[in-house]
Amino acid sequence: MMRVLVTRPRPDAEATAARLAAAGHQAIVDPMLAVEPIPDARLPEGRFDAVALTSVNGARLLGARLLEARPERTALAGLPLYAVGRRTAAAAPGGFADVHVAGGDGVSLAALLRAELPRGARLLYVAGEDRAIDLGAALAGDGISTELFVIYRAVPAAGLAADTLAAAAAGRIDAAFHFSPRTAATLAARANEAGAAAHFRHIEHLCFSANVAAPLKAAGWPTRVAAEPTEEGLFALLGR
């Protein structure tokens, strides 16, 4: 049995914890971010040729908006949707013409959009305030214009839970799952603020990507990167 710290936002943290329990492991859930919708976000004007989603949170919150009487329901109906990975595609609302799924990160999504959208296309990028990739910059050289539609924000945790600090100090955390650079950086910052950073050097930090691992490596913590940026990739690292 492995004891695994899960720092991703709810409700995904609970889903990961349940999967860990089903695999015979123990989860310690301490979200480093809380996701909040931005109710007064306004859809950019004009016509779009496609929609891009780079997170499950964006997919869920777009779905919630489309259930209400909002302009985007009409404006986006029937457009092709490009999702960063399988989980984001699964969480996306219905009503799109086709759903195209990239390889799980922003680089693969940009490559997919570049390959499938013609020059002159106008893309709506539905995202949060903090983004792992600037799709506008990535696609500008291909003649694809990108309009940003920010519908949520992720608020950092004020500190680590007392149970997390106690478990880390007692050596009762074997590994930690890290899904985003911001949750990883927040964990490192909060551990340092609590004077507990040294306790996290004895934990295996299992990361979605090299970008996710970067703030943990900077803190001097041991990291390993999944072969693919998926939850399956993180589970494959457990116990190795």
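Our subject in this report is the structure included herewith.

About the criteria used
- Residues numbered from 1 in each chain as written.
- Predicted model: local features only at pLDDT ≥ 70, side-chain atom pairs only at ≥ 80, totals over all residues.
- Heavy atoms only, no water.
- Helix = DSSP H or I, 4+ residues; strand = E, 2+ residues; numbered from the N terminus.
- Rg over C-alpha atoms; globule rule 2.2 N^0.38 Å.
- Buried < 20%, exposed > 50% of the residue type's maximum accessible area, 1.4 Å probe, protein only.
- Contact = heavy atoms within 4.5 Å.
- Areas by Shrake-Rupley, 256 points an atom, 1.4 Å probe, with all protein chains shown as cover.
- Lys, Arg positive; Asp, Glu negative; His and termini not counted.
- Charge placed at Lys NZ, Arg CZ, Asp CG, Glu CD.
- Arc of directions from axis to C-beta.
- Phe/Tyr/Trp six-rings, centres within 6.5 Å; stacked < 30°, edge-to-face > 60°.
- Lys NZ or Arg CZ within 6 Å of the ring centre and 35° of its normal.
- Core = buried A, V, L, I, M, F, W, Y, C linked by side-chain atoms within 4.5 Å.
- Axes fitted to C-alpha atoms, helices over the stretch in contact; angles between N-to-C directions.
- Parallel < 35°, antiparallel > 145°, perpendicular 65-115°, else oblique.
- Pairing = 2+ DSSP bridges.

### Observations regarding the overall build of the protein chain
Here comes step 1: A count of helices and strands for the protein chain gives ten helices and eleven strands.
Here comes step 2: Compactness check: the protein chain gives a C-alpha radius of gyration of 19 Å against a globular reference of 18 Å for 240 residues, within 12% of the reference.
Here comes step 3: For the protein chain, the C-alpha atoms occupy an extent of roughly 55 × 35 × 35 Å along the three principal directions.
Here comes step 4: By residue count, 48% of the 240 residues in the protein chain fall in the buried class.
Here comes step 5: The contacts in the protein chain between residues at least 6 apart in sequence include a share of 67% that link residues at least 24 apart.
Here comes step 6: Carbon and sulfur atoms make up 53% of the accessible area of the protein chain, which amounts to about 10,800 Å² in all.
Here comes step 7: Taken as two groups, the 24 positive and 24 negative side-chain charges of the protein chain have centres that lie 2 Å from each other.

### As for helix α7 (residues 162-169)
Here comes step 1: Listed in full, the buried residues belonging to α7 are Thr-164, Ala-167 and Ala-168. The arc that holds the buried residues of α7, viewed along the axis, is 100°, so those residues lie on one side.
Here comes step 2: The secondary structure elements touched by the buried residues of α7 are β1 (3-6) and β2 (26-29).
Here comes step 3: Count one or two residues on from α7 and you reach Gly-171, which has phi positive near 75°.

### Focus: the packing of aromatic side chains
Here comes step 1: Taken as a whole and assessed by the stated rule, the structure comprises four aromatic pairs.
Here comes step 2: Both rings, one in Phe-177 and one in Phe-179, keep their centres 6.3 Å apart while their planes meet at 80°; by these two values the pair is edge-to-face. The residues Phe-177 and Phe-179 share a single accessibility class, namely buried.
Here comes step 3: Taken together, Phe-177, Phe-179, Phe-208 and Phe-235 form an aromatic cluster joined through their ring pairs.
Here comes step 4: The residue whose ring lies beneath Arg-8 is Phe-179, and the NZ or CZ to ring-centre distance is 3.6 Å.
Here comes step 5: One residue, Arg-19, lies across the ring of Phe-235, its end atom 4.4 Å from the ring centre.

### Examining the nonpolar core
Here comes step 1: Core analysis: the largest hydrophobic core is formed by 37 residues, its most contacted members being Phe-177, Phe-200, Trp-221 and Leu-238.
Here comes step 2: Those elements giving two or more residues to this core turn out to be β1, α1 (12-22), α7, β9 (175-178), α8 (181-193), β10 (204-207), α9 (210-218) and α10 (231-237).
Here comes step 3: Examining the composition of this core, we find that four residues originate from one element, α8, more than from any other.
Here comes step 4: Among all residues touching Leu-238, those that are not within four sequence positions of it are Met-2, Val-4, Leu-20, His-25, Ala-175, Phe-177 and Leu-206.
Here comes step 5: Listed in part, the 20 residues of the second largest apolar core include Leu-43, Val-51, Leu-66 and Leu-79.

### Concerning the packing of α8 against α9
Here comes step 1: Taken N-terminus to C-terminus, the directions of α8 and α9 make an angle of 10°; their axes are 8 Å apart at the nearest point. Taken as axis vectors, α8 and α9 run roughly parallel relative to one another. Here Pro-181, Ala-184, Ala-185 and Ala-188 of α8 come into contact with α9, specifically with Asn-211, Val-212, Pro-215 and Leu-216.

### What to know about the sheet that holds strand β6 (residues 99-101)
Here comes step 1: Spatial strand order, β3-β8-β7-β4-β5-β6: six strands in an open sheet with mixed pairing. Of all strands in the sheet, those bounded by a partner on one side alone are β3 (33-37) and β6. On average, each strand axis in the sheet is tilted by 25° relative to the strand beside it, whichever way the strands run.
Here comes step 2: Examined bridge by bridge, strand β5 (residues 81-83) and β6 share three bridges and lie parallel to one another. Bridge pairing in β6 links Leu-81 to Val-99.
Here comes step 3: Those strands touched by helix α5 (residues 106-116) are β4 (50-53), β5, β6 and β7 (122-128), and its axis lies near 150° from that of β5.
Here comes step 4: Sitting on the sheet, α8 is in contact with β3 and β8 (145-156), with an inclination near 30° to β8.

Any functional reading would require information that these geometric values do not contain.
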